[in-house]
Each structure stands twice: as C-alpha cells, then as structure tokens.
Amino acid sequence: MLRKTFRDLRKNWISFLSVFLMSFICLFIFTGIFHFGQQMGTTGKQFSKNSHLADSTLTVANFNEQKEAQTKKLSSIKQIAHRSVGRYQNEQFSLTILSFDHSYTSKPQVIRGAKLSDQAGIWLDEDFFQANEQQLGDYFSIDNQRYEILGTVRQPEFIYHTENKDQPLPNHKKSGYAYLSEQYFDQLPIYPSHQLLLKTNKDSNIPWLENELSDIWGDEYLQLTETNNGSGLSIFLDRVTQVQRLAFLFSSLFLLLTLITIEATMRRFVKQQQLQIAVLKAQGFSGWSILLHYLSFSMIVTFFGSVLGCFLGPKLLSPALLSAIGKQFSVPKWLEVQTTLGYAIVAVITFLSMLITLIPVLPLVNQLPAVIMQKQSTQRFKRVWLEQTRLWSYLPFSLQWTLRDIQRNIRRAVLGIFGAMGCMLLLIAALGIKDSINFSLDSVFNDTYHYQEKVSFKRPMSAQDRHSTVQHLTSDYQWMEQQSVKLLKGSKEQTVQATIVSNGRQLNLPEIELKNLTANQVALSEALAKDLDVTAEETLYIKLQQQILPVFIKKLLPISSPQGIFLSQRTWENLKQPFEPQSLLLNEKNQLAPSPLIAGRSEKLQQFKDSQALIEGILTIVSLLILAALTLGITIMMNCHLLIFSERFIEFATLKVLGFTKWEVLSLSFLETSLLTLLGWLLGIPAGWLFLNTYVALLSTEQQQYLPYLSFQSLMLASLVLLACMLLVQAYLNNRINRIDFATALKPAE
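What counts, and where the lines are drawn
Residues numbered from 1 in each chain as written. Predicted model: local features only at pLDDT ≥ 70, side-chain atom pairs only at ≥ 80, totals over all residues. Heavy atoms only, no water. Salt bridge = Lys/Arg side-chain N within 4 Å of Asp/Glu carboxyl O. Helix = DSSP H or I, 4+ residues; strand = E, 2+ residues; numbered from the N terminus. Buried < 20%, exposed > 50% of the residue type's maximum accessible area, 1.4 Å probe, protein only. Pairing = 2+ DSSP bridges. Expected span 1.5 Å × (residues − 1). Arc of directions from axis to C-beta. Patch = residues over 30% accessible without salt bridge, like charges linked within 9 Å, V, L, I, M, F, W, Y side chains within 5 Å. Areas by Shrake-Rupley, 256 points an atom, 1.4 Å probe, with all protein chains shown as cover. Lys, Arg positive; Asp, Glu negative; His and termini not counted. Charge placed at Lys NZ, Arg CZ, Asp CG, Glu CD.

Trainee: Help me understand the pattern of salt bridges, please; the structure alone is not making it clear to me.
Mentor: For side chains bearing opposite charge, pairing can occur when the charged atoms are close. Scanning all chains against the criterion turns up 12 salt bridges. Residues E210 and K543 are paired through a salt bridge, measuring 3.7 Å at the closest nitrogen-oxygen approach. Here K543 lies in strand β15 (residues 538-544) and E210 lies in helix α6 (residues 206-217), a separation of 333 residues in the sequence. Taking the relative accessible area as the measure of exposure, E210 reaches 3% and is therefore buried. Exposure remark for K543: the relative accessible area of 15% places this residue in the buried category.

The following block contains the structure:
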C-alpha cells in the first residue's frame, strides 16, 4: 500500500499540487506576518524592560519635595523619579529636550559615546544624530548656546517620534530628542513641563491613583498619562496588534479555502479510484487499511506544503515586512524570535485535512465491492422541483441540462460557487484596501484640510499675540488649539484629543460647521463614539486637569483624521476655558513673516507624501493578497470543475455518441462553468465588502481611521481577473472533454 501511495502521488501530482499550494500559502502568510508581529512585540518589550520604563507619567505645574514624599508613600507606587521636558524649535529642526536625574526609571539607552553624566554636554537621539551627519565631539547649538555632543541615545517612549501629530511619518533629519543634565536644562530658553515618572504595582487602579494624586498635588496637578498611551509607544503597540490580527484574519480565511480545496481534490481522486477501492476490498484488504491509505494522501501533501510554508514564511516574508514597516520605528536592534505556533498550526491543518478526507472516503470503504463498482450513471434520479413548473418547458435544452445537474448535486455546485466567491472576495479585499487608504487620505487632505500651511508657535498664543500676528494677512486663516482631555462615559474613561478652532474653513468637518454650535455642543468622531458606545444627542463629560465639564454630542463625524472631540472657540469659552491656540492654518504658503514666536511650519503637500510613505508596508501585504487571490481562484475553480468533469464525463461521452457536435458539448460545459462563476461573483461582492470592512477596521488606529471604499475600476478589475480565471479553467476542461475515450467511458462496470 505504501508503494501504491507514492506511485499514485507521482502519477497524479498535478491534482495534488493545488492542495500543496494552498497549504503552503496558508502557512507562508500566517507565519511570515505573525513572526514579524512577534519580532516587533519582543523587541518593544525588551527595549522597555532594559530602560526600566515608567508605568505612568504625572505632569505637575512645579516640583514640590513635600508632595513628592507624600506621593512615594502611596501603596500603589513602587518607585518615583522626576524630569523636565521642553521643546526647542526653529526653521531647521524641532528637538524635544529632557533632563535626567540618574535614576533607573525610564533611563535612555546609550548607543555611542559617554554615559549620562552632569558634564556640560548633550546626548542626541541616535537617528537625529545620523540623519544630520553629526560626529561625537562636535558642538550643537540651541539658541546661541553651544553644547558638546557627548553621546547618542534611544528611548522607548520615542520609538516612533514625530514633530507633532500632523507629521504622520518620522523625519529624523528635522525632528528628534536630546538629554541634558538638570543643571544645563534650566538654562535653556524653553517652556518646560515638569513630570514625575511612576513605577506602579501591576494591580494598581489608574482612576483611583489619579484621584489620590490630584488630592496630594491640588492646583499643581495637571495630568496623569499611562506610558503605553503615549503617542510614540502607543503607535508602535497599535502596529504590533494590527500585524498579529492580520495574521490570524488571513490564516483563518486561507485555512477554510485550503480545506475546501482538499475536499474537492480528494473527492475527485477517490471517484477516479472507485474501481481500485472495490478491487482492494475484494482481495481482502480491510476497510481500515484502505481508509488509512487514502488518508495518507492528504496527510503527506498537506504536511509537506504547510511545513515548507512554515519554514519560508519567517525567512522571506518577515524580512520583507521588516524592511517596509520596521524602518519607521527607532529601536537599538530588531531581536530574533523563535515561535512554535507555526508548527502547531501545521499539525492542526494536517489533522483537519485528514478529517476532511473522511467525507468522500468513509462512505465507500464501508460498502461491498459489488456496490462500489457500480457506476454513478446507473443511479436513478427523481425529477427536480424546477421540472414541475411551467417555466421549465420554455427553457432551452442546454439550460435545462445544466440546471438539472446543479439541482441533483447541490454540494458539488456549492463548491464551484465557493471557489469563484473566494477568489472574488480576496481580490476585492486586496484592491479595496488600496482604494480605502487612498480614499481616506484624499478625504483628509482634500475635504477636511483646506489649508496649505500650518504654522506652529513656541508658546500658546494670547489674544494680543494673535492680533499682532495676523494683522497683515490678506487671506483667510483659522486658529487651532489641540490638547489631551479625558472623555468620561459611565465607568469608561479614555484620553482623547480635543481640537478647538476659531471661525474659518481651513479645518472643514463633514456635515457640520462648528461655528454654528451653541452652549456646550460639540462634535465627536464616529470611530471614537463606537469605542465608547456613544450616540448623537447624548451628554458626556470631559475631564481637564481637575475640572469635569459636561458636553452635548451634537453630531458624530464620519471622519478619517483627526480623531477626537471637536469644539468651536465659542463653545470652549462657554465652558470657562481660555482659548490659547498653538497653531495657525493658512490658505497660502509663506504668507506669515518670520517671527521669534514661530516654532515651525508644515506644508499639507508634504504631510500627504509622508502619509503615503507610511502605508508602504500595508501595500506589501496587498500585493501578497493579489497573488494569493490569483492562485486561489485558479486552484479552487480548477479543482471544483475537474470534480464536475470526473462525475459527468460519461454524460459528455453519451452526448457525443448521440450526435451532439463537439462545440455543442463544449458549450454545455461552458454554460455550467459560467453559471456557477456568475453566482460566485454575485455572492463574492457582498462577502468581499464585509471582509474589506473587517480588514480596514484592523488597520485603523486611534489616530487614523481608514474608511472602507471600493472604486468601480477596482470592482471591474477584480471581475475581469475572475473571468480570466474562469476562461483558463474552461480551456483546460475543453481539452479534457476532447480527449474522452468513448470505449472506456461507456463500458459497463459489470
């Protein structure tokens, strides 16, 4: 039996190639994407562990030794350190500057040069250092003060560092961070924030801790932020979660399609060897030995295909993803990881393939040899329900013949439909995700952002500063203030970005004009509302420092970016808050004259280009999806229609003997293939749209929500690809039909 197994595999290698390819693709994509996610997660955790990263950061107005001592006594606090943070900006670069106190909490990792000390020098961000081609020992100038570059560092809080939230992609040449000792930090011409770095117990309750800290610090308490929710680290963790979700999403889909391919292939193979099964039973082979013999086909092919995919995925796909996505993050080095999950999936797929093989094999091995030898053509069928209707007599013979066959074997027809549907689903997902990203970016940069240049200032602008800044402007403008607030809904609490704008059209929100909102009315992004289970016309509360303010959700906005809560200047002032914007949105570039107050300028066009570069890694996965969809479409459709051929080749031969021409017989086969593909196409469109929505939701983050969209051109392209797959399959079927041997096909089984 073992020799027969390998002989049959050699003779029918084309049939089993589809099973091999599908199991290979399933494990190749899963292990490649999942291994990359594991690599990212392990690297981030080790980086944070080596830096003894604080769990939370408390921002206060001023340091106070007495209150710090009270904070240390809290039961949930294990360690405490303090630092000051400020930002220095000019036309050439933006630098976040931090002080250090020699504690181990949130300690940066020195990459080159001297260790952190109280010397009169500066430690630059390693990426900023390299991008600007600096050398150790050079002098770096900050507002006419020169500091010797003593070393370079990396810090996990800045693992994904951008100048501001409007800069979607890190630009290490223009933005970075640096460390100075406390003595020299105090001499800088910047407005610092004072922070306490807290190491807490694992079971600490953050809302309760926040209440305790606000009681201790009183008016000097500003904000408590969990480190994992910091902008850079949270983006990194979001990306890890995205990658791992995508791995399981695609592997689940490909696993289902792999099992369908196995079932169709083995059913066709068993049908071809029906006579051999009967002979083996007649010669005395037990049902168990025959069953194990046929189970070995799916086991061997699936096992070797999935093992090869499990081996090559981390070797080929993971490095490709790392080169596309990993370069966006700043880590000391990417760690190598080993995981056994891929090999566990190999065992699962092999076991499931053997179970699926039982479906066509088990009913045969339990029958007598004489029964097994009976041809399917000797079976009698009852009339199908459609033949009882008046419509039947008006249908042409070719359609009657096709519909009768489909209704008599629904399972076989479902496989053909599912093959076309699966191909269409993946093509829509692959082409649709690119459309969705482009549509979302177009929505942000053409519909939402109407400005051409955004000017950032070194300090919040008072009314007097604003008036003197814009008095010579000749075009429209809009002031914007952005800050973090906590949104409260029952027991839920989430830190979000509040965007407050003056009158103007430079920030154009869909379906609403903020200037028309009165009292405490605000707008909320739909994605955030979904997370918090919030509806329009509902009252929520925002927590700002120690104040809790009620706001009325007037409108939910279907917006891609920015995310958060949106208020007009009038609403903000109605809440008794001072309007102190940090940014000015302008219709034209270079309209504002240089000023000591200006920290930097960002152009909308450059933001758009950076956003496109940000999705490079996603488009790599899209390319893989398109290739997988083509392989899937041809493989599954070929298997399903070859199964139909193997069960109907007697009918094709009979039609030829009865006088039907070659083209008439081929047209009958083409009609059935076309009808099943059409049904699969119709079902694949809504299924693909649902899958695209799921895919887009997984790719979205708290900062950027992608909107699902499928262009007409992409739908037509997916349809044409499916049509091409169908024609390729039909060409192969035509060749098989032309080669039918009448004597063999019509010879009685007896």
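Trainee: I'm lost on unusual backbone geometry in this one. Help?
Mentor: A cis geometry characterises the amide bond from S561 onward to P562, with omega recorded as 0°. With respect to the secondary-structure elements, P562 resides in the loop between β16 (547-557) and β17 (565-568). Positive phi outside glycine occurs at H102, with the angle close to 70°. You can see H102 is positioned in the loop between β3 (94-100) and β4 (109-113). Among the residues examined, H102 registers a relative accessible area of 46% and is labelled partly exposed. In the Ramachandran plot, D533 falls in the positive-phi region, its phi being about 60° despite a non-glycine side chain. Tracing the backbone shows D533 in the loop between α15 (526-532) and β15.

Trainee: Even after reading the chapter, I still don't get the pairing of strand β2 (residues 77-89), so can you show me in this structure?
Mentor: Residues in a regular strand project their side chains so that they alternate between the two faces of the sheet. Strand direction decides the pairing type here: β2 and strand β9 (residues 193-200), joined by eight bridges, are antiparallel. Among the inter-strand pairings, H82 is bridged to a residue of β9, identified as L196. The sheet contact formed by β2 and β3 spans five bridges and is antiparallel. Bridging from a neighbouring strand, Q89 pairs with S94 of β3.

Trainee: How should α6 be read in this particular structure?
Mentor: Three or four residues apart is the spacing at which side chains of an α-helix point the same way, because the helix has 3.6 residues per turn. Here α6 is 12 residues long and its end C-alpha atoms lie 16 Å apart, about the 16 Å a rise of 1.5 Å per residue gives. Along α6, the positions that sit buried rather than exposed are I206, L209, E210, L213, S214, I216 and W217. Seen from one end, α6 has its buried residues packed into an arc of 160°, which puts them on one side. With respect to the buried face of α6, the exposed residues turned more than 90 degrees away are W208 and D215.

Trainee: Mind showing me how you'd approach a positive patch on the surface here?
Mentor: A contiguous patch of positive charge, built from R3, R7, R10 and K11, is present on the exposed surface. Tracing the backbone shows R10 in helix α1 (residues 2-11). On the accessibility criterion, R10 (57% relative accessible area) is exposed.

Trainee: How should the pairing of β15 be read in this particular structure?
Mentor: Counting buried residues in β15 gives five out of seven residues, a clear majority hidden from the surface. Taken together, the seven bridges between β15 and β16 define a ladder with antiparallel strand orientation. Bridge pairing in β16 places I542 opposite L549. Hairpin connection between β15 and β16: a loop of two residues separates the two successive antiparallel strands, and Q545 in this loop has a positive phi of roughly 55°.

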